Amino acid sequence: MGDLLAQAWIVARKDLVLEFRTRTALLSAVVFTALVLTVFNFGRDPTAVATIDLAPSILWVTFTFAAMLALNRAFQLELENGALEGLLASPLSRVSLYWGKGVANLAFVAVVEAVGLPLFVLFFDVPVGSVLLPLIGVIALATVGFVAVGTLFSAMVIRTRFAELMLPVLLLPFLIPPLVGAVQVTARLLASRPLSESVGYLKLLAAYDIVFVSLASVLFRFTVDE
Amino acid sequence: MSLAQRGRRITLVGLVLLAGVYVRALAYTPMERFQGPAQKIFYLHVPAAWSAMLAMGLVGLSSVLYLLLRDARFDRFAAASAEVGTTFSLVMLTTGPIWAKPIWGTWWTWDARLTLTLFLFFLFLGYLLLRSAVAEPGLRARYSAVLGICGLVLLPFIHLSVYLFRTLHPQPIVLKPSSPSLPGDMLITLLLSFAVFTVLYVGFVTQRYALSLEREAQGSGDVGRA
């Protein structure tokens, strides 16, 4: 287990260092997120619909798109110079490769969300101060679900035609359960409802994470090995 | 008798039986007291849903078997089952609104089972798109098996996540803890149509499977391609 985590960390660190040195992908994703948020502002009639009613959907549709964008590039960079073959030839176990990629994706999406959330608060004047911690908890739960399936699928789609289009088509249905849960919990949090009203959805989010992280850990090797 | 011929015969038997079930449904099954003739579509809508679910279940099962045994027959079968399932879900998604409009007063609603079947359809589409986007047969078989398994695991989550909303659909009437709540005559007609749709499923899949075999024999070596 310790070995597995150490190996996963090597993979994740490699990706994060790469990401941090170039920064282009990360910056693009952050700018994209800011743009989607502004698009939402113009996609509604502010005199007819109160912001607070739309806020959970705005936040989560933005995060879903941002996550998709981030996941699209997860294995793309391994295609250049046969980097994936190198990774596969190394003594890394497949599970640790998946986890490493997953952790790097999680960090990438987390950075984008960390910029997106304050922008969302700023643009739409949503009072999150009192529920910030539980809100971050929900974002973490849902993002783990997004990344668990997304990492698995992004390893597959790189070797298909129309990879950039294929990932959203395959992935979006899988993002629905975490999205439903996250939107419902966020709406209740923003309306200052007690957390006990969200227990059902929180259980759903947690169950989704556990099931899909385990399933993807098992299935990942079939996407990379002959 | 070749496989294709056998498939055609089974389908023919299924179609004759379908006509028979419809004679029974229209002429010899009592009229539903509140819905009148509109309810007759029930005997098409529900068994189509059954066949679509059966198709997805078998796609998932043969995907697991493929990854374990690496036998091309399972891949060919999964491809055939997915295509037939797509057709049945299309039947279900067209008959549903036709029934819903006079009874619920709306063509569409985001009720739990409607959403579930819509996503079943999206999963089938994604599965077929993925198959068509991978050129190499071995890779295609592995990728689609991974997607098939994930899809099967996803469905309960989608059901659960939308079930937490209120649902408009009739509650289960056949498979439930207490005895079926459908009057005897209607229940028999429904069960007969389940049987007929299963025969049709077998007929269609057999033909589709035979088609794959023919294509492979023609030298393209493309497992599961039609």
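Computed from a predicted model, the values in this text were never measured in an experiment.

Scoring rules and cut-offs
- Residues numbered from 1 in each chain as written.
- Chains lettered and ligands numbered in written order.
- Predicted model: local features only at pLDDT ≥ 70, side-chain atom pairs only at ≥ 80, totals over all residues.
- Contact = placed C-beta atoms within 7 Å.
- Helix = DSSP H or I, 4+ residues; strand = E, 2+ residues; numbered from the N terminus.
- Nonpolar A, V, L, I, M, F, W, Y, C, P; charged D, E, K, R; others polar.
- pLDDT = per-residue confidence, 0-100.
- Axes fitted to C-alpha atoms, helices over the stretch in contact; angles between N-to-C directions.
- Parallel < 35°, antiparallel > 145°, perpendicular 65-115°, else oblique.
- Left-handed = near helix turned anticlockwise from the far one by under 90°.

Chemist: Before we move on, can you summarise the interface of chain B and chain A with the specific residues and values?
Modeler: Across the contact, 25 residues belong to chain B and 24 residues belong to chain A. If you tally residues by element for the side of chain B that touches chain A, the top one is helix α5 (residues 137-163) of chain B, at 15 residues. Class assignment for the residues of the side of chain B that touches chain A results in 22 nonpolar, 2 polar and 1 charged.

Chemist: Any chance you could break down unusual backbone geometry for me, citing the residues and the numbers?
Modeler: Residues and elements named next belong to chain A. With a phi close to 50°, Asp125 is a non-glycine residue in the positive phi region. Relative to the elements of secondary structure, Asp125 occurs in the loop between α6 (94-124) and α7 (132-157). Although it is not a glycine, Phe162 adopts a positive phi angle of roughly 55°. Inspection of the secondary structure assignment puts Phe162 in the loop between α7 and α8 (163-190).

Chemist: A description of the confidence of the model for chain A should follow, citing residues and the corresponding values.
Modeler: With 100% of its residues at a pLDDT of at least 70, chain A reaches an overall mean of 90. Element-level mean pLDDT values for chain A span from 81 in helix α4 (residues 76-79) of chain A up to 94 in α7 of chain A.

Chemist: Could you give me a rundown of the packing of helix α3 (residues 51-72) of chain A against α6 of chain A, with the residues and numbers involved?
Modeler: All names here are of chain A. For the pair α3 and α6, the least separation of the axes is 10 Å and the interaxial angle reads 150°. The angle between α3 and α6 falls in the class roughly antiparallel. Read as a crossing pair, α3 and α6 show a hand that is right-handed. Judged by residue contacts, Thr51, Ala55, Ile58, Leu59, Thr62, Phe63, Ala66, Ala67, Ala70 and Leu71 of α3 engage Asn105, Phe108, Val109, Val112, Glu113, Gly116, Phe120 and Phe124 from α6.

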